[in-house]
Structures are given as structure tokens and as C-alpha cells.
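Here's the letter readout for the chains.
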Amino acid sequence: MADTVCELFDCGHRACGGCGAALAARLVTQAAGADTIVVSSTGCMEVFSTPYPETAWKVPWIHSLFENASAVASGIEAALKKQGRKEKVVIMAGDGATFDIGMICISGAFERGHDFTYICYDNEAYMNTGIQRSGATPYDASTTTSPPGKCSFGNKRPKKDMPQILAAHGAPYVATASIAYTADLMQKVQKAINTPGPCYVQVHAPCCTGWGFEGDQTLAVAKLAIETGLWVNYEMIEGKLVKVKKVVRKPVEEYLKTQKRFRHLFKPTRRDAEIATIQTIADRNAEKYAIDIKLKKE
Amino acid sequence: MMQMIEGSHAVAEAVKFCRPQVIAAYPITPQTHIVEALADFVANCELDAEYITVENEFSALSACIGASAAGSRTYSATTSQGLALMFEVCFNVAGMRLPIVMSIANRALGAPLSIWNDQQDSISLRDSGWLQFYAEDNQEATDLHYIAYRVAEDPSVLLPAFVCFDGFILSHTYEPTDLLTQEDVDKYLPKFTPKERLDAADPISFGMYATPDYYHEFRYDMDRALKESKAIIREAGKEFGRMFNRDYSAMVEGYRLEDADTAIVAMGSICGTTKDAIDEIREEGKKVGLLKVRVFRPFPSENMAKALAHVKRVAVLDKNVSLGAKGALALEVKDALYSSGIPVKDYIIGLGGRDVRKKDIKAIVELVEKGQGDIFYGLRREVL
């Protein structure tokens, strides 16, 4: 298409219309700039962006395996150092590759203190293989391996707190971000890239196909996650919380109702106790990160 | 200069002379002395490399992928369980055509756990696309590292290489070894300057996925490169001989084979024992010779068929077993000799560190003369 502008993550890839991860890739590469080497894990983004012999990446890009992106990045960083080169190394990995299968490699690389930025695009399940649960899948979400049934309400566990785990490794910069807040996301990526050492940015990237909503609602859904307190955007420097996105909180129901993965909580019968449990998760987030804006009484 | 030096240390010296820019390794017996020596070299500025002390072997080879793709000469070492943990990465390295060299201090695979020598570990990766060199002694173990880098990095090859040497038997044994100098090696081994690398000035994508329209051809291309590397190995071995008087141009090497009726085929340190046994058997008037296999991948079938064309029978010594079939080397030898009709018998021997002595070789020669073989040699019936 002649009228499209060339970007570092270019048009023509095969992501679904309304893909949150594809938008994350655009924003991250824009923020990181051309002097960046991107390491991808196996997953949706790798598959929709690089069917041989085509590639959507206008920066040097490498994919090796599902679980080893941070080890591959360690090697790249070491080689660049030895060669006296200045490119930045950015990992782009999904939540399955990050929270689950890549955990050992990530822990090792963060402990060793390599200078790279790890971006986890978090769409809260294994989307590439057909929407199976991961350690990032939220409580009660329906996936193909956490289906609701006669004796189940969906995923049995809340999300793993990955940012805190990496902060505990001594990561100098850890942040959460959302594709719904683009300027904030790009600023965080730039901060991470310009902070020496292993930095982590976890980006909430709703998946219209996996979560069950129309592709034109991606940003609206992402925004509701923040507004209900089920996703908190924050920054940690040297393990200390320095910035939090505050909101006038809405009930979690407003977020849950937008997605088919939570449909079983409303139909055929409304599951008040489960919805209340999810509300408790949001309330705890609100308390822990002090996100509530207290409105003056009108 | 000739030195009395431990095998692992000699290998570490050779690796140092190869000037790897990035080393990533994880300790595992009996590979540890190599990586300890390299850590010492780096700590004392004798080797200007980034040394990544990874959290396991899987990450060791994964880090090597990153470093090699970024354009640095890259090295690792492992064995046994460590190599098994790298299984997935090994196929990936070869598929991405990254010329990483890795020392394998050969060791058995569990269960049951065994830290002792056989060659099951590297043999089990025979289909992964790596070149596989096997050393008879520590001199060969060191020299093969220079050759491995030169061949692997050749633009027409671009495939990774194992340099295999028997754990403990060689890795922990002191032998007089002629170490080259840095100057020597710099003359033999050119700098690693890959045409393609991760570089912001010229962005390319590495490791894309291939649909059924392309995958088949990718594999064919690797197979072709591996087979065509035989010519590069020959030339690299010859050039080494010209420069340092040790010729490694032959992928299989005969010992008293010219007039032999019975040929033994073997790989690794067992070849030394076999040569001594052959000398003694010859004194009894039996015409026995050895064909040593130095390169297992690519497999030198044609050279093997030629070298064994005149013998009446072949005994293959396998320090591995493809359970449910035969030893991996025997399967290759049988394939190479298929049209000749020469009988080939297989002897699984020395698994998990069981000693192989001259008298065992003599016993095997007697067995093959009687047409008895395709067995686990030397079973202790009392523990079965």
C-alpha cells in the first residue's frame, strides 16, 4: 500500500485486526528507535510478523526458541560489549514465554545483570496455540485449558506477580504499562532502554480473538482494565514504587462484561460470589498501589 | 611447545588461542576443568572474552546463539546431561547456521546416573546438523578445535561443531601435548567475519518460521552444506599439516590396515588401546588393522568403503547404543559397506566408563573371526 508510512514494525504483518500485541510492537519499536536489536520468543507476535521470506521488522530481529529470549539477549549484549557496539537490546515476549516457560532463563539473565530491556506483551494466555491458560491468566477467565464447567468457574488462580519477582532480582527499572496509554507506554520503554541493567516493562495487550470482543474495542477494553483496578500502571525504580496511575474506579463488572472469557459469570446465571472475588482482587490492587482518586462530594 | 598437561587444560589453551569473544558455559563433570581454566584466563586478562556464567546448559547454548548471531566467535563446553538439556537449542543453532564450536567431554547419559565415559551424549545429537569430530588423544583434542572453527566458519559451511573427547579418559589425563602459540593460530584461523549478523546498520531477521513451502528446502540445504563440508575439512586438515606437521586431512585414518584381513572400526580414545592391541595381535601372525573414525558428521562413507574394500571382516566398537537397534557407528559402517558384502559385526563396549583393555580388543578379534558379534561385549552375567 503506497500511502502507508514505513515504521520500524511495519505494516503487512498477519495479526488479527485489533491485535493489542501488534500495537505494542509498533509503540515499543517507535520508542526504542532504529538502533535496537529485537529478540522475540516463539508466540503470536513472532508468527504474525515473520513468515519466511517476509518480515515486518525494520530493526535487526532474532527469534530462537520459546523459552530462551533472555538468554539469547544475554549473548547479544555480551557480543555487542566485546565489539564496542552501542545498539540497545530489547526482548519482546508474550506472557507464556515470560511467566511460565522462560522463567529460568529470565531469572538467570536478570541476576547476571545484563543490559537489556525485557518487554512482556501480556495478553493473559497462550494465544498462538489456541488460547490456553498461562501464569498470567486472570482469576476465573475462561481459556481452552481452564474452561468453566459444572464444577469450575474458569481459571482457578490469580495472575502471577511477575514485576515484583523481577524487582526482587534487583532490576533497576520495572514498570507496567498499557497499550491504551500510548505516551506513558513509550516513555516507560525509553526509560527502561536508557537505564543500564536488566529492565522489565509488562504491557497489557488485550487479545480480541482470545478474550472475545470486537477488534475495534481493544483500546476501550484495555482502558477499562485500568479503570477497574484489575490492571495497575506503575513504575518501580531500584525496587521502590515511584509512580502509579490513579483512577476513579469503576466496578470490575464493567470490564468483565466486555469479554466472552468472563461470560460464564453472567450467563446463564449471574455468579455474584465470583464477581465479588474479582472485585476483591481489584480492591487489593487499589489498596496496595493507592490508585483511588477520592472525589469530593458534590 | 611440548608440555605435560591435562587434557582439559590443553583444550582450554587451544580455545584461548582461537580468541572466542563470548563464552557461555555451565559446570558439569567431567567438563569443569575446561571452563575453570577459561575463567582463569579471562580473570587474568590472558583471554579478552565476555564469559557468561549462565544458570544452566540450555541458557549456555542459547546465549551462544545471541552472541554468534551478533557476529562474535562463540564457544561453549558441556557433556552428558548438559548436552541433553541443550537438545532443543542444538537443532536451533544448526538451523540458524551459526558456527558455534562446543567441546564435549563425552560422558554417559542417565538413568542410571553415571559420570563416566561413553559417547552416547554426542551420538544422540547426530541428527542435529552439527559437525562431530572425535579425538583419540589430547593432542588431537586440542588440534581439532582449530580445525573445527576453521571449517564451521567457512562461508560455504556455516554449521556448528562438536569436538568430542572422552571424559576422564582424556579430559583428566596428563599427556605430553604440543601446544601451538597465539601467533601460529592467528596464521591458521582467520578472524570471524560473518556476512550476515544482527546489526542496526543493516537490519535482517534471523530465525523466522517456515511454512511447508520452504521448510523442506531449509533442511536439504543444511544436509548439502554438511556433506559438502567434507572437502573443507580435508583442506583445513591438510593446511594444518602443512603448517604444523600434523595432518588431519583424513576423516578416517587407517592403522596397519593396508594388508589387514580383519578391520576394527572405532572412535575416540579406544583407538589408542586398539592400536596397542593390534601390535600384539600382529605378533601372533594375525593380519588385523584399525580404521579410526575422526569425523562422524558428516559421515565419510566413501572414504570408509575405500579404506575397507580389501578386508574380509569388520568389527565395530560402539561406545553407544541406539537401544532397540545397534550401535550408531555400526549402522553407519554397515550402510557404507552395504554393496561390498563384507560382514560387519557390532560390539557395544565400555558403556558408563567400563574399562576397555587390550585383552578385550583381542577377544573381539577372536569373536569376529568366528562370525560372532552384534552383542553387548563383556556383560557381567552375575548382575543381570
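Everything numeric here is computed off the predicted structure, so don't read it as measured data.

Summing up its helical and strand segments, chain A has eleven helices and ten strands in all. A principal-axis box enclosing the C-alpha atoms of chain A has dimensions of 60 × 40 × 40 Å. Looking at chain A as a whole, 54% of its 298 residues qualify as buried. Within chain A, contacts between residues separated by at least 24 positions form 67% of all contacts whose residues are at least 6 apart in sequence.

What follows concerns the interface of chain A and chain B. Facing the 37 residues of chain A at the interface are 36 residues of chain B. Looking at side-chain class alone, the side of chain A that touches chain B contains 20 nonpolar, eleven polar and six charged residues.

Tracing the backbone through its elements, the reader meets B:Arg242 in helix 9 (residues 215–244). Looking at B:Arg242, the number of C-beta atoms within 10 Å reads 11, which means it is exposed.

We now examine the environment of B:Thr193. Tracing the backbone shows B:Thr193 in the loop between helix 8 (182–188) and strand 9 (205–206). Taking the C-alpha atoms as reference, B:Thr193 lies 7.0 Å from B:Gly71; in sequence the two are 122 residues apart.

Before going further, it helps to spend a moment on the sheet that holds strand 4 (residues 74–78) of chain B. Taking strand neighbours across the sheet as the criterion, the seven strands line up as 3-2-4-5-7-6-13 (chain B) in an open arrangement whose pairing is mixed. Among the strands making up the open sheet, the edge pair consists of strand 3 (50–53) and strand 13 (295–297) of chain B. The sheet shows a mean angle of 20° between the axes of neighbouring strands, direction not considered. Pairing between strand 2 (residues 22–25) of chain B and strand 4 of chain B: two bridges, direction parallel. Along strand 4 of chain B, the bridge assignment pairs B:Ile23 with B:Tyr75. On the sheet, helix 3 (residues 69–83) of chain A packs against strand 2 and strand 3 of chain B and is oriented at approximately 160° with respect to strand 3 of chain B. Against the sheet, helix 3 (residues 57–69) of chain B contacts strand 2, strand 3 and strand 4 of chain B, and its axis sits at roughly 165° relative to strand 4 of chain B.

Residue and element names in this part refer to chain B. When you line up the elements, Ala49 lands in the loop between helix 2 (32–43) and strand 3. Looking at Ala49, the number of C-beta atoms within 10 Å reads 23, which means it is buried. Residues Ala49 and Val365, spaced 316 residues apart in sequence, show a C-alpha to C-alpha distance of 48 Å. Among all residues touching Ala49, those that are not within four sequence positions of it are Pro20, Gln21, Val22, Ile23 and Val42.

Of all hydrophobic cores here, the largest spans 221 residues; its most connected members are A:Ile76, A:Ile119, B:Phe133, B:Ala148 and B:Val163. Among the elements that line this core, the one with the most residues is helix 1 (residues 20–32) of chain A, at nine residues. Counting contributing residues per domain, this core is built from domain 1 (2–244) and domain 2 (252–383) of chain B, each supplying no fewer than three. For B:Ala148, the contacting residues outside a window of four places in its chain are B:Val101, B:Leu131, B:Phe133, B:Ala161 and B:Val163.

A few words now on helix 9 (residues 218–227) of chain A. Given 3.6 residues per helical turn, the α-helix brings residues three or four places apart onto the same face. Residue and element names in this part refer to chain A. Across the ten residues that make up helix 9, a large majority, eight, are buried. Residues of helix 9 that are buried include every one of Thr218, Val221, Ala222, Lys223, Leu224, Ala225, Ile226 and Glu227, and no others. In this fold, the buried residues of helix 9 make contact with helix 1, strand 7 (173–178), strand 8 (199–204), helix 8 (208–211) and helix 10 (252–256). Just downstream of helix 9, Gly229 is the residue with a positive phi angle, here 85°.

Residue and element names in this part refer to chain B. For chain B, the domain assignment lists domain 1 (2–244) and domain 2 (252–383). On a C-alpha basis, the centres of domain 1 and domain 2 stand 27 Å from each other. At the interface, 27 residues of domain 1 touch 20 residues of domain 2. Of all the secondary structure elements, the ones that give two or more residues to the side of domain 1 that touches domain 2 are helix 6 (120–123), strand 6 (131–134), strand 7 (161–166) and helix 9. The element contributing the most residues to the side of domain 1 that touches domain 2 is helix 9, with five residues. Broken down by class, the residue content of the side of domain 1 that touches domain 2 amounts to 13 nonpolar, seven polar and seven charged.

Below, the discussion takes up the packing of helix 3 of chain A against helix 5 (residues 103–112) of chain A. All names here are of chain A. With their axes 7 Å apart at the nearest point, helix 3 and helix 5 run at an angle of 35° to one another. Note on element contacts: helix 5 touches helix 3 through Cys105, Ile106, Ala109 and Arg112, opposite Ser70, Ala71, Ala73 and Ser74. Classifying every residue of the contact of helix 3 with helix 5 gives five nonpolar, two polar and one charged.

Sheet architecture is open: nine strands sit in the order 10(A)-9(A)-7(A)-8(A)-4(A)-3(A)-1(A)-2(A)-9(B), paired in mixed fashion. Every interior strand has two partners, whereas the edge strands, strand 10 (240–244) of chain A together with strand 9 of chain B, have only one. Across five bridges, strand 1 (residues 36–40) of chain A lies against strand 3 (residues 88–94) of chain A in parallel orientation. Bridged to A:Val38 within strand 3 of chain A is A:Val90. Helix 1 of chain A rests against strand 1, strand 3, strand 4 (117–122) and strand 8 of chain A of the sheet, and its axis sits at about 170° to strand 3 of chain A.

Scoring rules and cut-offs
- Residues numbered from 1 in each chain as written.
- Chains lettered and ligands numbered in written order.
- Predicted model: local features only at pLDDT ≥ 70, side-chain atom pairs only at ≥ 80, totals over all residues.
- Helix = DSSP H or I, 4+ residues; strand = E, 2+ residues; numbered from the N terminus.
- Buried ≥ 20, exposed ≤ 12 C-beta atoms within 10 Å, placed from the backbone.
- Contact = placed C-beta atoms within 7 Å.
- Nonpolar A, V, L, I, M, F, W, Y, C, P; charged D, E, K, R; others polar.
- Pairing = 2+ DSSP bridges.
- Axes fitted to C-alpha atoms, helices over the stretch in contact; angles between N-to-C directions.
- Core = buried A, V, L, I, M, F, W, Y, C linked by C-beta atoms within 7 Å.
- Domains from an automatic or database assignment.

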